[in-house]
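# Inside the fold
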Amino acid sequence: MGEAGHKSCARTRPATVLFVSMMLQCVAANAVGARRCRVASCFAAGNVRSMGRQRTARNLSDRSDGDCLPITKVGIVGGGLAGMSAAYHLLDVARSEKKGMHITVFDSCNVGEGGASAVAGGLIHPFSPRGKLIHNGKHALKCSTRLIEAAAKHRPDCILRPHLYRVALTDKNVEQLKHTVKNYPTLAAWMSREEMQDAFGVDSLGGLKLGGGCKVIHVPFYLQGLWEECERKADEMDGSVQWEVAPVTANDNDDQLSQFDAVVLSAGAGILHDQFVDSNKLPVQLVRGQSVEMSLPGSDATTNEAFLCGKYVSPLPQLDASSQRFVIGATHEFKSEAFDPEEVLEELKGRSYPLAPSLWDNGSVDRLTTGFRMQSHRGAFGRMPIIGRYNSNCNDGMMRHRNAWIFTGLSSRGLIYHGLFGSWLADAILHDDEERVRSHFAEVDWWRREPNKPTL
């Protein structure tokens with residue numbers, strides 16, 4: 001949990017598979033939306049529902065190893081933030097080069113209803129917890145903004161706030177955040193302790209108002225709007241898009257995916273659960289994140305904002321005028337046994353009470369949600385995505401497609417990074433050249449060099 005977000009690996013492969021399986025069962029039990037996503041039943045029944053139009057293309061199995069055929073038909077496994085960005089940019093690049101493009105997204109749920117992306121907090125900004133600009137932060141913010149604006153043409157309600165607030169609770173926070181204001185005045189403005197108290201009733205030492213493209217979105221609405229934009233793009237060109245609510249597993253991927261010229265693995269925890277890749281071959285951890293959705297009676301605008309300081313408090317779309325809705329998250333759980341509801345509420349209240357005292361004192365709990373994110377190991381630039389060509393001959397997973405690519409591990413940076421890295425990946429896939437990613441991101445193959453370090 002796409003954001004992107006809500007959210008290690010065992011010492012032996014059997015324990016890892018068991019742990020991931022337990023996590024995915026929890027995801028199915030806590031899926032978002034009026035229509036609950038039953039991942040387990042989808043896989044058991046083999047149910048397939050399609051949206052959009054489909055065209056045939058040559059079977060990749062007809063290609064010899066020396067061939068380099070045009071990429072016109074792409075299968076994407078996983079339709080969260082990473083997969084949706086890949087689809088959008090593949091259409092974008094193909095249209096700019098006057099090429100046809102036919103995309104099928106395979107996901108266990110309907111658009112915006114499943115996975116970590118669907119339960120992400122929705123706060124978009126380019127700063128680390130210490131207020132430093134992340135690697136390629138400004139460029140990433142522009143790319144995400146472009147996608148959000150495209151989605152908002154169809155779902156304007158996906159944008160909840162054009163700003164958010166980062167709160168300082170310690171003297172060290174104050175020092176770090178004032179440094180942010182000095183370096184990035186177009187993105188951050190300082191608010192004093194008194195201003196924060198008068199405006200929001202937040203007991204703090206001050207904080208930042210983040211704007212200039214920083215914003216709060218409702219991720220399910222955003223994904224739905226972006227998919228509609230993909231459909232529109234396909235209509236304008238020689239292309240098509242299709243969303244299949246279907247089981248795609250390592251055991252039968254040869255049949256389902258061999259028809260595509262290229263395949264993108266972007267399902268996060270799902271690609272481990274279905275053994276497309278071996279979890280021991282990727283430098284990642286699976287992290288469970290539980291959040292609480294709450295309601296507050298009335299419509300006091302001073303409380304209906306998004307705040308961030310370790311944990312986050314973020315508004316949700318209102319169902320009616322009688323109350324405001326919020327999500328508070330998220331826990332970071334690395335063990336196979338999940339926190340029980342009392343433990344979740346205790347941790348989240350303890351870490352977020354200064355951000356929303358009125359909500360905790362006067363609000364009511366609606367429900368808990370759970371998401372799992374595939375968190376990459378920290379490197380020189382922090383936690384970076386796993387992206388690039390995926391050579392199935394170099395791993396013990398079951399993915400055997402000749403032209404497979406991977407785009408996963410966005411972790412808590414899903415919302416800020418999905419647009420930027422998705423654009424680079426699409427360009428590389430359409431030109432069958434990973435060096436196009438390297439020209440922007442020299443460390444594109446960092447994940448191939450760093451072995452996994454199990455945590456359990």
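The structure presented is a predicted model; accordingly, all values stated were derived computationally and were not measured.

Bringing the packing of helix α3 (residues 81–96) against helix α13 (residues 414–430) into the picture now. α13 packs onto α3 with a crossing angle of 45 degrees between their chain directions and a minimal axis gap of 8 Å. Classed by the angle they form, the pair α3 and α13 counts as oblique. Note on packing geometry: the crossing formed by α3 with α13 is right-handed. Together, Leu-81, Ser-85, Ala-86, His-89, Leu-90, Val-93 and Ala-94 of α3 and Gly-414, Leu-415, His-418, Gly-419, Gly-422, Ser-423, Ala-426, Asp-427, Ile-429 and Leu-430 of α13 make up the contact between the two elements. Of the residues assigned to the contact of α3 with α13, the class counts are nine nonpolar, seven polar and one charged.

Moving on, we come to α13. The first and last C-alpha atoms of α13 sit 23 Å apart over 17 residues, in line with the 24 Å expected at 1.5 Å per residue. Among the residues trailing α13, Asp-432 stands out with phi positive, at a value near 50 degrees.

A sheet is described by the order of its strands in space; here eight strands give the open sequence β7-β8-β6-β13-β14-β15-β12-β16, paired in mixed fashion. Of all strands in the sheet, those bounded by a partner on one side alone are β7 (188–191) and β16 (364–376). Ignoring which end each strand starts from, the neighbouring axes of this sheet average 25 degrees apart. Here strand β14 (residues 311–316) runs beside strand β15 (residues 323–329); their pairing, made up of five bridges, is antiparallel. When the bridges of β15 are listed, Val-313 appears paired with Ile-328.

So, about the pairing of strand β11 (residues 262–265). Along β11, one buried face is formed by Ala-262 and Val-264 and the opposite face, lined by Val-263 and Leu-265, is buried too. With four bridges joining them, strand β2 (residues 73–77) and β11 adopt parallel strand pairing. The partner of Ile-76 across the bridge, within β11, is Val-264. Pairing between β11 and strand β20 (residues 404–408): three bridges, direction parallel. Looking across to β20, one finds that Leu-265 is bridged to Ile-406.

For the rest of this paragraph, the subject is a positive patch on the surface. A cluster of basic residues, Arg-130, Lys-132, Lys-172 and Arg-378, forms a positive patch at the surface. By the secondary structure assignment, Arg-378 is in strand β17 (residues 378–379).

Attention now moves to the sheet that holds strand β9 (residues 215–217). With respect to topology, three strands assemble into an open sheet ordered β4-β9-β5, the strand pairing being antiparallel. In this open sheet, the two edge strands, each paired with only one partner strand, are β4 (123–124) and β5 (159–161). The sheet strands contacting helix α5 (residues 137–152) are β4, β5 and β9, and the helix crosses β9 at an angle near 45 degrees.

With that settled, consider the pattern of salt bridges. For side chains of opposite charge, pairing can occur when their charged atoms come near one another. A complete count under the given rule lists 22 salt bridges for this structure. One salt bridge connects Arg-438 with Glu-435, and the closest N-O pair in it is separated by 3.0 Å. Of this pair, Arg-438 and Glu-435 both sit in helix α14 (residues 435–438), three residues apart, which is roughly one turn of that helix. Given the relative accessible area of 24%, Arg-438 is considered partly exposed. For Glu-435, a relative accessible area of 43% translates into the label partly exposed. Taken together, the salt bridges that share partners define one network made up of Asp-92, Arg-95, Arg-146, Lys-153, Glu-229, Arg-232, Lys-233 and Glu-236.

Quick notes on the rules
- Residues numbered from 1 in each chain as written.
- Predicted model: local features only at pLDDT ≥ 70, side-chain atom pairs only at ≥ 80, totals over all residues.
- Heavy atoms only, no water.
- Axes fitted to C-alpha atoms, helices over the stretch in contact; angles between N-to-C directions.
- Helix = DSSP H or I, 4+ residues; strand = E, 2+ residues; numbered from the N terminus.
- Parallel < 35°, antiparallel > 145°, perpendicular 65-115°, else oblique.
- Left-handed = near helix turned anticlockwise from the far one by under 90°.
- Contact = heavy atoms within 4.5 Å.
- Nonpolar A, V, L, I, M, F, W, Y, C, P; charged D, E, K, R; others polar.
- Expected span 1.5 Å × (residues − 1).
- Pairing = 2+ DSSP bridges.
- Buried < 20%, exposed > 50% of the residue type's maximum accessible area, 1.4 Å probe, protein only.
- Patch = residues over 30% accessible without salt bridge, like charges linked within 9 Å, V, L, I, M, F, W, Y side chains within 5 Å.
- Areas by Shrake-Rupley, 256 points an atom, 1.4 Å probe, with all protein chains shown as cover.
- Salt bridge = Lys/Arg side-chain N within 4 Å of Asp/Glu carboxyl O.
- Lys, Arg positive; Asp, Glu negative; His and termini not counted.
- Charge placed at Lys NZ, Arg CZ, Asp CG, Glu CD.

Shape is all these values report; function is a separate question.
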